[in-house]
Number of protein chains: 2
Amino acid sequence: MKQISRFSHFGELSDKDYFRIALSVDCVIFGFEDGELKVLVIKCNIKEYKGMWSLLGDLVKPDEDINSASYRILKERTGLDDVYLEQVHTFGKVNRHPAGRVITTAYFSLVNIKDHQLKLSDNELHWHPVKDIAEMAFDHKSILDTCLDRLREKVDDQPVVFNLLPKKFSLRELQSVYEAVLNCELDRRNFRKKFFMMDWLVDLNELEEDVPHRPGKLYKFNAAKFAKKAKKIS
Amino acid sequence: MKQISRFSHFGELSDKDYFRIALSVDCVIFGFEDGELKVLVIKCNIKEYKGMWSLLGDLVKPDEDINSASYRILKERTGLDDVYLEQVHTFGKVNRHPAGRVITTAYFSLVNIKDHQLKLSDNELHWHPVKDIAEMAFDHKSILDTCLDRLREKVDDQPVVFNLLPKKFSLRELQSVYEAVLNCELDRRNFRKKFFMMDWLVDLNELEEDVPHRPGKLYKFNAAKFAKKAKKIS
DNA sequence: CATTTAATGTGTATTTTTAACACATTATTG
DNA sequence: CAATAATGTGTTAAAAATACACATTAAATG
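Structural notes, computed from the coordinates. Worth saying up front: this structure is predicted, and the values here are computed from it rather than measured. Throughout this description, residue numbers start from 1 for each chain and increase along the sequence as written. Numbering of ligands from 1 and lettering of chains from A proceed in the order in which they are written. Totals for whole chains, interfaces and linings use all residues, but because this is a predicted model, local features are given only for residues with pLDDT of at least 70 and pairs of side-chain atoms are given and counted only at 80 or more. To get the side-chain values, take all heavy atoms of the structure and skip hydrogens and water.

## Observations regarding the nonpolar core
Soluble globular proteins tend to bury their nonpolar side chains together.
Okay, so step 1: For this analysis, a nonpolar core means a set of buried residues of the types Ala, Val, Leu, Ile, Met, Phe, Trp, Tyr and Cys, connected via side-chain atoms within 4.5 Å. Remark: exposure states derive from per-residue accessible area (1.4 Å probe, protein chains only) relative to the maximum for the residue type, with buried under 20%, exposed over 50%, and partly exposed in between. Ranked by internal contacts, the top residues of the largest apolar core, which has 44 residues, are Val25(A), Ile29(A), Val25(B) and Ile29(B).
Okay, so step 2: Contacts are assigned to residue pairs with any non-hydrogen atoms lying within 4.5 Å of each other. Residues within four places of Ile29(B) in sequence aside, it is in contact with Lys38(B), Val39(B), Leu40(B), Leu56(B), Leu74(B), Thr78(B), Ser109(B), Val111(B) and Trp127(B).

Here's what the structure looks like:
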């Protein structure tokens, strides 16, 4: 009685049964502002979670790569085009979405908040301090937690935090990003030493301006060092 | 002209458009045998990849958690019930499956090959040395590579390799699992020192048998130390 | 039973990495 | 010109990772 299935090699159900699941992508977009790590959230407009914060997400289109879907969401919502984005985990509890079966793949992204103040005030979009979010719509809090954990692992050995900063930054700013992400205090001297040792920074021979104290030097990320394949000879 | 959608809050397409994607789970099941890391594969039976090795996978059922789906696959295919399983990555290229749009979530698993020789010879199931697999059906080679990378990161700081061994094992066996996974040679003295330091092992006060040389002591994994939450005071 | 074999079991010195820590300097503010 | 609030710099100690050699033991051999 079973109908012939395109996926008969998979198992016993008919095609129809398998197309009752929708797939979405949710983006945890991290930014850094006022010394705090923030996440871009939006007021939820479905009745079950009315008024609660939720992540930016959308359903994946049938002819769309999931990675492309995540870039599309970022582009549509923040206007940013060329940003850091990494897949983290797929959340597939049966009842995670009240409207039906939706499995979602979570990505995290790192952006420089100043770069897109434009598109922001449009909706109910909002940069929320990560520390202060206790509750979110759907399973989004647990998605956020998972992405934050991944971010913390990542910053320990890969040069990704630069995506949170403007092109030019001081060592103080860099350190405070790390402190915000890792939620800890770091020793300033060891921090500087480590970064010069790793050769991740390029000295721009410029100084901070408009600070009420001795200005610090400005640096940029040594992108050349990480272009495509890391050079063997440093 | 658009039809009313359950997912209208997501975007602009109608429900119908979003249910053209199927979701599957693929399991990279690692085992250890003859000093080699192996992966459980099956001869592919769809025409585009006829005869090539593929991973064990199945479509996720509409009322099934994706994690449950991965456990189900493992149970169905290997008979094993209580095994280590970890989600790694979701692969969502549009044309990764010739039969249609199938997005797949990859899990890796660690099992003791000896524990389930039974169900094996059934089909075209086969334990294949990981080193020797150059090509696989679909994007399964890249799934395998991704899972192997993850496994290598994991074994560095978490006690997971014990899942590849029988309950009782010698330090030599333990070391050779690490060497097989990491594809490198380790110093025997430092290896032993490190494991005793970490307190991951329980000395069983038993010796190997039937070895043509001085028998080594047998140990088991110190599971108590990692029960639920790691104890603070060791 | 003595010898050979092939592994196990053990400790120390060296190097590298990480962590702890204090004071002089500089531009701005008042 | 004094006070402020940060920047910039080096050394020492502790911890972790690495390199390395020899005596011991049970089984197998003749």
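## Concerning the protein's contact with DNA strand C
Okay, so step 1: Around DNA strand C, a shell composed of 17 residues is seen, among which Arg189(A), Arg214(A), Arg172(B), Arg192(B) and Arg214(B) lie nearest.
Okay, so step 2: A breakdown of the atoms of DNA strand C within 4 Å of the protein gives sugar and phosphate a share of 41%.
Okay, so step 3: Side-chain atoms alone can form a polar contact between residues adjacent in sequence; in general such a contact is a pair of N or O atoms within 3.5 Å, and within protein one must be able to donate a hydrogen while the other accepts it. Residue Arg189(A) places a side-chain N or O atom 3.1 Å away from a base nitrogen belonging to DNA strand C.
Okay, so step 4: A distance of 2.7 Å separates a phosphate oxygen of DNA strand C from a polar side-chain atom of Arg192(B).
Okay, so step 5: Here a helix means four or more residues in a row that DSSP labels H or I, a strand means two or more in a row labelled E, and each is numbered from the N terminus. Elements represented by at least two residues in the surface near DNA strand C include exactly α5 (188–198) of chain A together with α5 (188–198) of chain B.
Okay, so step 6: In terms of residue count, α5(B) provides more of the surface near DNA strand C than any other element does, four residues in total.
Okay, so step 7: Gly falls in the polar group here, along with every residue not listed as nonpolar (Ala, Val, Leu, Ile, Met, Phe, Trp, Tyr, Cys, Pro) or charged (Asp, Glu, Lys, Arg). When its residues are assigned to classes, the surface near DNA strand C shows two nonpolar, four polar and 11 charged. Nearness is defined per residue: one heavy atom within 4 Å of the molecule or strand is enough.

## With respect to the protein's contact with DNA strand D
Okay, so step 1: Residues in contact with DNA strand D amount to 16 residues; listed here are only the nearest, Arg172(A), Arg188(A), Arg192(A), Arg214(A) and Arg214(B).
Okay, so step 2: Considering the 4 Å shell around the protein, atoms of DNA strand D inside it are sugar or phosphate in 39% of instances.
Okay, so step 3: Within the contact set of DNA strand D, a base oxygen lies 2.8 Å away from a side-chain nitrogen or oxygen of Arg214(A).
Okay, so step 4: Elements with a contribution of two residues or more to the surface near DNA strand D: α5 of chain A together with α5 of chain B.
Okay, so step 5: The class makeup of the residues in the surface near DNA strand D is two nonpolar, three polar and 11 charged.

## Remarks on the packing of helix α3 (residues 140–157) of chain B against helix α4 (residues 171–182) of chain B
All names here are of chain B.
Okay, so step 1: Relative orientation of the contacting elements α3 and α4 amounts to 140°, with a least axis distance of 9 Å. The orientation of α3 with respect to α4, classified from their angle, is oblique. Of the two possible hands of crossing, α3 and α4 adopt the one that is left-handed. Residues Leu-148, Leu-151, Arg-152, Val-155 and Asp-156 of α3 pack against Tyr-178, Val-181 and Leu-182 of α4. To define axes, lines are fitted to C-alpha atoms, for helices over the stretch in contact only, and angles between the resulting N-to-C directions are given on a 0 to 180 degree scale. Roughly parallel refers to an angle under 35 degrees, roughly antiparallel to one over 145, roughly perpendicular to one between 65 and 115, and oblique to any angle outside these ranges. Definitions for this section: a left-handed crossing has its near helix turned counterclockwise from the far helix by less than a right angle. A right-handed crossing has that turn clockwise.

## Quick notes on the side chain of Thr90(B)
Okay, so step 1: Along the chain, Thr90(B) turns up in strand β5 (residues 84–91).
Okay, so step 2: At 3.0 Å, the side chain of Thr90(B) and the side chain of Thr105(B) are in polar contact.

## Notes on helix α4 (residues 171–182) of chain A
All names here are of chain A.
Okay, so step 1: For α4, spanning 12 residues, the distance from its first C-alpha to its last is 16 Å, which sits close to the expected 16 Å at 1.5 Å a residue.
Okay, so step 2: Here α4 lies mainly inside the structure; nine of its 12 residues are buried.
Okay, so step 3: Taken residue by residue, α4 has Leu-171, Leu-174, Gln-175, Ser-176, Val-177, Tyr-178, Glu-179, Ala-180 and Val-181 as its buried positions.
Okay, so step 4: Within two residues after α4, Asn-183 carries a phi angle of roughly 55°, on the positive side. In this scheme, a helix's expected span is set at 1.5 Å multiplied by one less than its residue total.

## Quick look at the pairing of strand β7 (residues 125–129) of chain B
Residues and elements named next belong to chain B.
Okay, so step 1: The element β7 is extensively covered by neighbouring structure, given that four of its five residues are classed as buried.
Okay, so step 2: Here strand β2 (residues 36–43) runs beside β7; their pairing, made up of five bridges, is antiparallel. Bridging across to β7, Lys-38 finds its partner in Pro-129. A pair of strands is labelled paired if DSSP reports no fewer than 2 bridges between them.

## Thoughts on the pairing of strand β1 (residues 22–33) of chain A
Regular strands place side chains that alternate from one sheet face to the opposite one.
All names here are of chain A.
Okay, so step 1: With respect to burial, β1 is a largely interior element, 12 of its 12 residues being buried.
Okay, so step 2: Side chains Ala-22, Ser-24, Asp-26, Val-28, Phe-30 and Phe-32 project from β1 onto one buried face, and the interleaved Leu-23, Val-25, Cys-27, Ile-29, Gly-31 and Glu-33 project onto a second face that is buried too.
Okay, so step 3: One ladder, built from nine bridges, connects β1 with strand β6 (residues 102–110); its direction is parallel. When the bridges of β6 are listed, Asp-26 appears paired with Ala-106.
Okay, so step 4: Strand direction decides the pairing type here: β1 and strand β4 (residues 56–59), joined by four bridges, are antiparallel. Across the sheet, Val-25 pairs through a bridge with Asp-58, a residue of β4.
Okay, so step 5: Turn length for the β1-strand β2 (residues 36–43) hairpin, with the two strands adjacent in sequence and antiparallel, is two residues, and the turn residue Asp-34 shows positive phi of about 50°.

## Things to note about a negative patch on the surface
Okay, so step 1: Excluding any residue in a salt bridge, patches collect residues exceeding 30% relative accessible area, merging like charges within 9 Å and nonpolar Val, Leu, Ile, Met, Phe, Trp and Tyr side chains within 5 Å. Under the convention used here, a 1.4 Å probe and the Shrake-Rupley method define accessible areas, while residue burial counts only the protein chains that appear. Any Lys or Arg side-chain nitrogen found within 4 Å of a carboxyl oxygen on Asp or Glu counts as a salt bridge. Positive residues here are Lys and Arg, negative ones are Asp and Glu, while His and the chain termini are left out of the count. Charged groups are reduced to one reference atom each: NZ for lysine, CZ for arginine, CG for aspartic acid, CD for glutamic acid. Together, Asp149(A), Glu153(A), Asp156(A), Asp157(A), Asp149(B), Glu153(B), Asp156(B) and Asp157(B) give the surface a local cluster of negative charge.
Okay, so step 2: Only α3 (140–157) of chain A together with α3 of chain B provide two or more residues apiece to the negative patch.
Okay, so step 3: Note on placement: Asp149(A) falls in helix α3.

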